[in-house]
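# Working through the structure, step by step
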Amino acid sequence: MVKFSFEVPLHHLKDFEEDQDFLFTLSILYQYKEYREYVRNSNLELWIDNSYNETQEADSRETLRRLYEEYNPRYVIAPDSPHWPVEQLRTEFLRTAERIPRDRLILVIPDYRHYQVLRHLQPARWAVSYWVRRLWHDDELTQLPNPHFLGMLDHAELSYLKPLTCDTSIPIKLGMMHMSFKDWYHEGAPHIHTKDLGHQGDAFFRARMTDKQIQIAKDNIKYLKRRVNHVWED
C-alpha cells in the first residue's frame, strides 16, 4: 500500500484531512497562523519538508531545526538540491544531523550514484523528486530502502514501483481546473508545477475552492488511491 499526503490550499486544510495518510508540511507555510494551528491540532503523522520544490532553494538548517524542536515531526527533509555535488549534500546532511536525529531525517538524492556514495550516512528514509525520477532506472529506484517519492509523475509509476509514501498536489490542482484524474492521465499527465502558479506557489496555497472543485479533487484522490493500491479494469 502506497500512503499519500496531499498539499492543499490553506483555506481547505480541514476539507481534505480525511484523505490524508500523513501530513506532509512545507517549511515556508509555517509563516501562516492558520497553518501552524492546523498542524498543532492534527493527529496525523507529521513531516516537515525544506520547501525546495516551491522556492528552488532549501530552507536553512536553522529553520528546520527550529521547526523540529517546536513541532516534533516524525520526519524532516534535510536541505538538498538536485544540483549539489555529493560532498555538499553529505556536508549539509551531517551538519543537520548535529541538531536533528538521523532517525528523523530524510535524505533527497538526485541520482543513483549519490545513493551509492552516501548510503553509509544511514538516514531514516531516502527520497527522490519527480524532477529527476525519469532519469533513474526502475531497478535503481527499487533498491532504495524505505523510499519516498517527492511529487508524482503519474499513477502508472506509483503502481509499478510501489514506494512506501508519496506527496503530491496534482489531484487538488486538477480539481481546481475542473479536470478528472483520468482525463489528465489520458492527456499525457503533464505536470502542474506549484512554483509556476505564481509567487512561489502562493497563488495555489492561498486559493479558495468551490464545493464543486473540492468534490472533483476528492474524486481524483479516490481514483488515484484505487489505481495505485488496487488494480481494476476500466
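Residues numbered from 1 in each chain as written. Predicted model: local features only at pLDDT ≥ 70, side-chain atom pairs only at ≥ 80, totals over all residues. Heavy atoms only, no water.

### Quick look at the sheet that holds strand 5 (residues 105–108)
Selection rule: In short, DSSP must find at least two bridges between two strands for them to pair. Here a strand is any run of E in DSSP of at least two residues, a helix any run of H or I of at least four, and the numbering for each starts at the N terminus. A fitted line through C-alpha atoms represents every axis, and for helices the fit uses only the stretch in contact; the resulting angles, taken between N-to-C directions, go from 0 to 180 degrees. Residue contacts are defined here by distance: any two heavy atoms, one from each residue, within 4.5 Å place the two residues in contact.
The 8 strands lie next to each other as 1-8-7-6-5-4-3-2, forming an open sheet whose pairing is parallel. The strands lining the two open edges of the sheet, one partner per strand, are strand 1 (3–6) and strand 2 (23–26). Adjacent strand axes in the sheet meet at a mean angle of 25°, parallel and antiparallel pairs treated alike. Strands strand 2 and strand 3 (46–49) of the sheet are contacted by helix 1 (residues 33–41), whose axis makes an angle of about 150° with strand 2.

### Considerations on the packing of aromatic side chains
Quick note on the threshold: Side-chain rings of Phe, Tyr and Trp (the six-membered ring for Trp) are treated as a pair once their centres are within 6.5 Å; stacked means planes under 30 degrees apart, edge-to-face means over 60, and tilted covers the remaining angles. Exposure categories follow from relative accessible area, calculated using a 1.4 Å probe and restricted to protein chains: below 20% of the type maximum is buried, above 50% is exposed, and the middle band is partly exposed. Only lysine NZ and arginine CZ atoms are considered, and such an atom sits over a ring when it is within 6 Å of the ring centre and within 35 degrees of the ring normal.
Inspection of every chain in the model, using the stated rule, returns 13 aromatic pairs. The interplanar angle of 10° and the centroid separation of 5.7 Å between the aromatic rings of Phe4 and Phe6 together place this pair among those described as stacked. Assessed through its relative accessible area of 0%, Phe4 is described here as buried. Exposure remark for Phe6: the relative accessible area of 3% places this residue in the buried category. The ring of Tyr32 is capped by Arg206, whose NZ or CZ atom sits 4.7 Å from the centre of that ring.

### Observations regarding helix 1
The line we're drawing: To be clear, the arc concerns the directions from the helix axis to the C-beta atoms.
Taken as a whole, helix 1 has its buried residues at Tyr35, Tyr38 and Val39. The buried residues of helix 1 occupy an angular sector of 100° when projected down its axis, which confines them to one face. Structural note: helix 1 exposes Lys33 and Asn41 on the side pointing more than 90 degrees away from its buried face. Buried positions along helix 1 lie against strand 2, strand 3 and helix 3 (61–71).

### Description of helix 11 (residues 211–229)
The condition is simple: Take the residue count of a helix, subtract one, and multiply by 1.5 Å to get its expected span.
Across its 19 residues, helix 11 extends 27 Å between first and last C-alpha, which sits within 8% of the 27 Å expected from 1.5 Å per residue. Every buried residue of helix 11 is listed here: Gln213, Ile214, Ile216, Ala217, Lys218, Asn220, Ile221, Tyr223, Leu224, Arg227, Val228 and Asn229. Looking at the buried side of helix 11, the elements it contacts are strand 1, helix 7 (155–161), strand 8 (165–168), helix 8 (170–176) and helix 9 (181–186).

### Details of the pairing of strand 6 (residues 125–129)
What counts here: A right-handed crossover is one whose linking path, passing over the helix from the first strand to the second, runs clockwise when the strands point away from the viewer.
The element strand 6 is largely enclosed, with a buried count of 5 among its 5 residues. Residues of strand 6 alternate between two faces, with Arg125, Ala127 and Ser129 on one and Trp126 and Val128 on the opposite face, all of them buried. Judged from the 3 bridges that link them, strand 5 and strand 6 form a sheet pairing that is parallel. Paired with Leu107 across the strands is Trp126, a residue of strand 6. The β-α-β motif built from strand 5, the intervening helix 5 (residues 112–118) and the parallel element strand 6 has right-handed crossover chirality. Sheet topology places strand 6 next to strand 7 (residues 147–150); 4 bridges connect them, and they run parallel. Opposite Val128, over in strand 7, you have Phe149 as the bridge partner.

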